[in-house]
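A structural walkthrough
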Amino acid sequence: MTKKTVALISAVLICLMLCVPALAANGTYVSFFDGINIKDTQAAELDRMARDIRTKYDFPAYYFIVDDIGNNSDIYEYTKSIYNEKSAGMSGVCFVAYLNDDVDYTDYSSEQTYLYVTDGAKVLFTEEVQQAVYDGYDNASTYYDSAKEYYNSISALLDRNSDKAAQIVEAGETAEIGTALIKDKTGTVSTVQREKLNEKLTAVSNECKCNFYVAITDSLDGMTSDDYAAKYYNDNKYGFGDKKDGVLLLICFDKENGNSWAVYRSEGVKKFYSDATTKKLMKPVAKKLGAKDYTGAVELYADNFSAQYGKHGSPAIYWLPLSFLIGFAIAFIVTKIRTGNLKSVVAQRSAGSYVKEDSIVEGKSNDVFISSDVKRTAKASSNSSDDKGSSTSGKF
Amino acid sequence: MSDLLEYKCPCCGGAVEFNSAVQRMKCPFCDTEFDIDELKAAQEDLGNTASEKETEVKSVDEATGMAVYVCQSCGGEIIGDGTTAASSCPYCGNPVVMKGQFSGDLRPDLVIPFKLDKKAAKEALKKHIGTKKFVPKIFKDENHIDEIKGVYVPEWLFSADVDADVVYKGQKVREWSDSEFDYVETSCYDLFRNGKFSVDGLPVDGSSKMDDTLMEAVEPFDIKDAVEFSTAYLAGYVADRYDVDSEQSKARAEERITQSAIDTFMKTTNGYENVSGIEDRTRIELKNSSCRYALYPVWLLNTSWKGEKFTFAMNGQTGKIVGDLPLDKNAFWKSVGVLTAILGSAIYAIAWLIAR
């Protein structure tokens, strides 16, 4: 091998080595633009920290250092946009530092920074906590240190407030199309699969102007799957628009009572999904659930239910003869009543017309108690006074 | 021996009848009107007892009680049964009264003269039949309305002071709830009530030829219009004497008085629900009771259609008309069919809208 060849190969390798940090600076949760000096191992470590938080608490936390905010008007719009795009509206946080050409990289205070906190995460990320994030960024010596400090503080915060962390996960965003439509408490589907399914559900929801949700759990808290699905739907304030139109597929892996599914339909859409129709649509879905093809089951659920949406039902076929049977019964009774005036020869019941009105004198009276009977009926229970949807369930 | 009474007009000698419109005796030939007393006085002045001609009964069938009379106007035969008290000659239309049917103990105490004439009766009957939707059209046309006749029906009038002990069943219902259940308590009571009232002029049909239900259906009659009986009121009408005596009629009177006792004291059971009288345990005692024999006016028409007999009766005092009418089955089922089509379509349309 000639010296020239060796030199060329070495140069290429060096360039690659130089590029690797730039390439490796982008992970799923973190991103540093080319001008930021950060090692690939550091970026990978930061990304892993974010993944751990996501896995443990189902809480997405993003950290981006960018030099271009695209067509967005400001850093605020950019941050919200990129967060929604990546998290599909889950509760979480996203920190963006925008470094444009006018910024002195050595002076952090001149950079634009924004910490976007979703409504559901504000229960933990108070104003004080948010300020601490900003301070941490300003006080850090390197971008790596600031990002590490960011994730460490988030992890510590969630560790200290694990109950509130659960609330953040449970609390839904404002119900608009495009928010997180699939929630998995059991880890049955991977994050990647969940994001793909969320995209699928979002797409069909956009098309139908009706949200299609999926919730995977391992406990029904002592309730039936129908009741749990209804409560879950209403507690999370699911649904699109004023009528809260939506469909929720609840999948429960219960080792004690067996696996079950339930489909809750809100009041506005239950006309499209009768019990019989729902069971028919869920039959192949339940089959896939039984075969442990959970991703396929959710996709099929999305396809089946979105296809059925908008199809107005017609009354069952038996209503045609039943209507005329009822009509005949009413017609017969009414006509019979009308012919009642054909009979007018009726004996007198009493001598009322011959009683002298001013002769009536009331005498003694006595009321004697004979017997008593008490009947009781159980009151109907309702989970929610506003719940007018309906639910159908089954096993798999 | 029965006598025939024919009332003759002193002016023209025509047969005088009682006219319900003017409530006097009126000659249909010369339109002269007479009070009953005036007519009798005029006849006495004339010394003419020709108006009260005594005519022997031509024959009597002992087995059936049918009697044959001879009309003094035309000599025609007038047939009547044992209770016929007033009729008309089938040949000359001369109204006659069988005087013997009202002599002695058979003489009625009271009579309510006809207030409404035959024309009013025919009009009422036409309205009764014509306004009903499901009556066959042929029946409306073929009911021989001109054959309607005025009949004085013998009635027993019961009056008494009533002492009543009435027993009712009643309930009190109480409802309440707790967090889990709704409760309903139903308590049953026997309600004992005592009281008095008076009944005056309760009529019970005294003729076996008249359907009791029909006679009760045309009630009430107002006894205030009743006058002392005179055979003159019967002229121009048909009349029968009683053949069901007061003792036989008393049971029905007591039955109606018992029901009246239950109805009268029902209003004293306020505060109770589902109140009903227990007839078996209700006792009445009649004091100062009296029974009078009266003749009450009824316009009657008998007709038959498709082998079934129909009788129409109108209260000759108040105008109340009753009478069962036949049902046009074709019209009935046609109406049911049309209504079924309309209602069935409406119900299916509602089901369709709900399914949407």
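My aim in this report is to walk through the structure given alongside it, one point at a time. (Residues numbered from 1 in each chain as written. Chains lettered and ligands numbered in written order. Predicted model: local features only at pLDDT ≥ 70, side-chain atom pairs only at ≥ 80, totals over all residues. Heavy atoms only, no water.)

1. Side note on the overall build of chain B
Helix and strand content of chain B: 6 helices and 18 strands. Burial statistics for chain B: of 356 residues in total, 47% are counted as buried. Within chain B, residue pairs in contact and separated by at least 24 positions form 70% of the contacts whose partners lie at least 6 positions apart. For chain B, the exposed surface amounts to about 17200 Å²; the carbon and sulfur share of it is 48%. (Helix = DSSP H or I, 4+ residues; strand = E, 2+ residues; numbered from the N terminus. Buried < 20%, exposed > 50% of the residue type's maximum accessible area, 1.4 Å probe, protein only. Contact = heavy atoms within 4.5 Å. Areas by Shrake-Rupley, 256 points an atom, 1.4 Å probe, with all protein chains shown as cover.)

2. Here we look at the packing of aromatic side chains
A complete count under the given rule lists 46 aromatic pairs over all chains for this structure. Here the aromatic rings of Phe 95 of chain A and Tyr 134 of chain A are separated by 6.5 Å at their centres, their planes lie at 55°, and the arrangement is tilted. Of this pair, Phe 95 of chain A sits in strand 3 (residues 93-98) while Tyr 134 of chain A sits in helix 4 (residues 127-139); the two residues are 39 residues apart in sequence, bridging distant segments of the chain. For Phe 95 of chain A, a relative accessible area of 1% puts it in the buried group. Their ring planes at 10° and their centres at 5.2 Å tell us that Trp 176 of chain B and Tyr 183 of chain B sit as a pair that is stacked. Since its relative accessible area comes to 32%, Trp 176 of chain B is described here as partly exposed. Taken together through their ring pairs, the aromatic side chains of Phe 32, Tyr 63, Phe 95, Tyr 134, Tyr 137, Tyr 143, Tyr 150 and Tyr 151 of chain A make up a single cluster. (Phe/Tyr/Trp six-rings, centres within 6.5 Å; stacked < 30°, edge-to-face > 60°.)

3. Here's the deal with the interface of chain A and chain B
Much of the literature gives interface size as the accessible area that the parts lose upon coming together. Counting residues at the interface gives 57 residues for chain A, matched by 74 residues for chain B. Counting each side, the surface lost to burial between chain A and chain B is near 5700 Å², with a carbon and sulfur contribution of 60%. It is Leu 342, Val 345 and Tyr 354 of chain A in chain A that bury the most area against chain B; as a group they hold 14% of the surface buried on that side. Linking chain A with chain B are 2 salt bridges. For Arg 349 of chain A, the salt bridge goes to Asp 263 of chain B, with nearest N and O atoms at 2.8 Å. If you look at where chain A meets chain B, you find 33 residue pairs in polar contact (both at pLDDT 80 or more). (Buried area = accessible area lost by both parts, 1.4 Å probe. Salt bridge = Lys/Arg side-chain N within 4 Å of Asp/Glu carboxyl O. Polar contact = N/O pair within 3.5 Å; in protein donor to acceptor, adjacent residues only side chain to side chain.)

4. Some remarks on the sheet that holds strand 3 of chain A
Residue and element names in this part refer to chain A. Ordered in space as 1-2-3-4, the 4 strands form an open sheet in which the pairing is mixed. The two strands at the open ends of the sheet, each matched to only one other strand, are strand 1 (30-32) and strand 4 (112-117). Adjacent strand axes in the sheet meet at a mean angle of 10° when their direction is disregarded. As defined by bridge partners, strand 1 adjoins strand 2 (residues 61-66) across 3 bridges and the pair is classed as parallel. (Pairing = 2+ DSSP bridges. Axes fitted to C-alpha atoms, helices over the stretch in contact; angles between N-to-C directions.)

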